[in-house]
Structures are given as C-alpha cells and as structure tokens.
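Examination of the molecular architecture
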Amino acid sequence: MRLAARQIDCGRKVGIVASSDDLDVQPETPLLKDLEEGPWPSFVKEIKSAAETNGMSADLLQQLELSYKEKQGHWKHGGIVGVRGYGGGVIGRYSDLPEKFPEVRHFHTLRVNQPAGWFYSSDAIRTICDIWERHGSGLTNMHGATGDIILLGTTTEELEPAFNELTAAGFDLGGSGSAMRTPSCCVGEGRCEWSCYDTMKLSYDLTQAYQDEMHRPAFPYKFKIKCSGCPNDCVASIARSDLAVIGTWKDEIQQDDEAVAEYAASGVDIQRDVCDHCPTRAMSWDGRHLTIRNEDCVRCMHCINVLHKALRPGKEQGAVILVGAKAPIVQGALLASVLVPFVRKEELLDTLKELLSRIWDFWGEYGNNRERVGEMIQRLGLANFLDGIGLDPVPQMVSEPRDNPYIYAHDIGGAK
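Notes on the structure in this doc start here.

Cut-offs applied
- Residues numbered from 1 in each chain as written.
- Predicted model: local features only at pLDDT ≥ 70, side-chain atom pairs only at ≥ 80, totals over all residues.
- Heavy atoms only, no water.
- 1 Å grid on protein atoms, 1.4 Å probe; cavity = no way out; pocket = protein on both sides within 12 Å on 5 of 7 lines; lining within 4 Å.
- Points joined across faces, edges and corners; volume = space filled by probe spheres on them.
- Helix = DSSP H or I, 4+ residues; strand = E, 2+ residues; numbered from the N terminus.
- Nonpolar A, V, L, I, M, F, W, Y, C, P; charged D, E, K, R; others polar.
- Salt bridge = Lys/Arg side-chain N within 4 Å of Asp/Glu carboxyl O.
- Buried < 20%, exposed > 50% of the residue type's maximum accessible area, 1.4 Å probe, protein only.
- Pairing = 2+ DSSP bridges.
- Contact = heavy atoms within 4.5 Å.
- Axes fitted to C-alpha atoms, helices over the stretch in contact; angles between N-to-C directions.

Details of empty space enclosed by the protein
Within this structure, the stated rule accounts for one cavity of 30 Å³ or more. Taken as a whole, the largest cavity spans an internal volume of roughly 100 Å³. Taken together, 15 residues line the largest cavity, and the ones lying closest to its centre are Cys278, Met283, Cys297, Cys300 and Cys303. It is helix α11 (residues 302-306) that contributes the most residues to the lining of the largest cavity, three residues altogether. Residue composition of the lining of the largest cavity, by class: 13 nonpolar, one polar and one charged.

Quick look at the pattern of salt bridges
Scanning the model with the defined rule gives 14 salt bridges in all. Close ionic contact of Arg134 with Glu165 constitutes a salt bridge, the shortest N to O distance being 2.6 Å. Here Arg134 is found in helix α4 (residues 122-135), whereas its partner Glu165 is found in helix α5 (residues 156-168), with 31 residues between them in sequence. Take Glu165: its relative accessible area is 26%, and that puts it in the partly exposed class. Note that Asp242 is salt-bridged to Arg372, the shortest N-O span being 2.9 Å. A residue pair is termed long-range when its members are at least 10 positions apart, and Asp242 in the loop between α8 (237-240) and β11 (243-249) and Arg372 in the loop between α12 (348-366) and α13 (373-380) qualify at 130 residues. You'll find Asp242 and Arg372 in the same group, each marked buried.

A word on the sheet that holds strand β10 (residues 225-228)
Backbone hydrogen bonds are what pair the strands of a sheet, in a parallel or an antiparallel way. An order of β9-β10-β11-β16-β17 is seen for the five strands of this open sheet, with the pairing classed as mixed. Every other strand in the sheet has two partners, leaving β9 (184-185) and β17 (337-344) as the edge strands with one partner each. Bridge analysis of β11 against strand β16 (residues 317-323) gives seven bridges, and the strand direction is antiparallel. Across the sheet, the residue bridging to Thr248 is Gly318, located in β16. Against the sheet, α12 touches β10, β11, β16 and β17, its axis set at about 150° to β17.

This is the structure we're talking about:
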C-alpha cells in the first residue's frame, strides 16, 4: 500500500511541497521498467507516483536503479538509532552514497504495532497516512512479514516527532532486534467459523503483558509468537514463529449426515475429493454414509475445508503449542515441533505465560548470540531442553517413528 506523499525531505528538514514542479524531472530508470510490467501491482510504479511530490522517494528510485545496474546494494545498517525509552521499533538505514543521493542519506523504517487480526477503521488508516506524510517518505508496507505496519523512510530528526504523533493517536511501535517481536494472529473468531479460540484476544493480551520484552531487546535473538485459530494456520505460525499457538479440538469432528448427502447429490465426489486425500485414511464412504475414525484424525482440516457445511471442528476446543520455527538465515529453515499437544482455550493465556517464562530463562542462559530457540534446541537436544524447562516428553513430540533398527552403545567407563 502506498500513501500519497505530499512532503519532501531535503536532507535537513521536512517541508511541504507545493506542487510537483518543485522537484526536478527525474531521470529514466530503464532497469526498473521491467518491474512495472505484468498484471500485479508494482512497487516501482508506486514509488514513481510518490516521487512526483517527494524528494526522498525520487532519490530512492535512483539509488535502486543504480543498485540494479551495479548489482550491489547501497544501504548500510544504521546501528543504534531509535526513539527515547525504546531499544527497538526502528530499523536504521543509511545510504552509502549520501553525496549522490542526499534525500536518502537517512532512510529509517518504523515498525508500528498492528491491530490484532489487521482490523482497521478508515479513520485509523487515514491517521497513519497523515502522520507519515508529515514525517516520512509517505511509503508504507502493509504488512511486513512480522505483521507490523511498516513505515518506510525518514530521517533521524523526524523519528521522535513521528513517534509522538503515533502514540498520541493510540499506536505504539512494534518489536525489532533481539526482542520479542510484535505478536500476530489470524482474524480468528472475528470472521472465521473454524477458530477454536479467540486469537485476537490472546494476541492483544500477550502484547500488553510483554511490553518490556518488545521494546527493550534483551534476548539472544528475535522471538516471534503467532496465533492461528485452527489447523489451517493462516498466519503460517508453524513455519515462521518461535512459539506457535494453533487452534485444535480434542473430541470428535461434528458431522451433519444430511449435509454430507447434499454435497454428494450436488456432484461432489466424496471418495475422491475427501477420503482419498485424508493423510491417515481415517475416513470411508460407502455411497450413502461418511464414517470418520476420529482416533486416527490428525486435524489437517482438509475434509472440513471441502465439506464446510457438513463438518465442523469438535466442541472441546483449545490449542496446540509448538516451538522452534524459523526462516533460513543463520541456519536452515525449521518447522515448529509440538511442545504441548493440547491446552483448553480457557487456560491458554496462563499456560503460555508460564511456558514463556521457562523458555526465556533457559534460552537466556544457554542460547548463543543470534541463535533462535529452534537452533538452540537442535544444538542441545530436545531432551535437555525439555528437562531445562521442566516439561515431560509426550508421544506427540515425535515427528515420525525411528527408521533405524540398530542401537549404538557409547563408551561408558571404558566398556561398550
């Protein structure tokens, strides 16, 4: 999303631009032109539109063109830059060619804590737009991978005024650096009938409870919490968060046989489209009745997604808590592993607070610098991690049975 920029940063002070005539005509950017083609919205088109009235966006465009030409980036990390009282929320960026592109000699990013489920009123969005037009480039990314509102490009001098206006309007900065990142969640019960717990309330409660951990980095590395209301996992928590909270149920899938029959009568091939896609073959169809062996169900949601008027999650609802996912940065990508197989939704917040306290204590003592929780578990072993946080192992923690029949005995006291 682009905000219609109406300001220019001349490298000294942000001032109102009366018209596009106040800016020099921008040189062509032939290498970026290819990125304007195709059916999808183009960030190049949006930056060009902003550059008509904004000098920061104009120089951003030219520096980007040079980066494509020279095949190297021209940004350098800003080091320690932020707002008073906060150690996170601001990503410092500087151009390494400030003489050539003075408007982007500073190009800091603000991460703003998004509302749970990304629900906005029109007034809230207009407020954010107005603030960023006054204090920054007018360019935004809604939303970044973490979930925050990303406000792209401002100077060091404008950080504090922008922050003051945001807080006066009811917004706060999100997490950055070696801190708890801004919790994010799916829309949950706000719109989704499959949600097994109130994701937005949990995300909000966690955000309020851990303000210090978000705004004053003190961890070995980043820590992300993502809340999904059902196993569809619409925020990809199992692949992208150090602690994933995924809604699930403990009893049987709710089944409406009449509705199943209606699906079959309307032409849905129950055997092919539902039963044959069940990963554990827990379903069978005899042409008249759908049978579900719930003891074999792994809650993949496929059957519910296909027969959404006939099948529903069970009534005994809660969430599974998983740990250790991450993208491939320091080491390879990791999917989260089950930590607690089921917590009733009424007990989720208290359980998570206790669990987070234990995980953070252990990670703080044994984690290496810039080592995510999942990487630490790989290095130390799951058994040691569970012992360190005081949890007993359960069968659900085993991703698959061992496929090696051999047992190796290590040397113990010189004997084998």
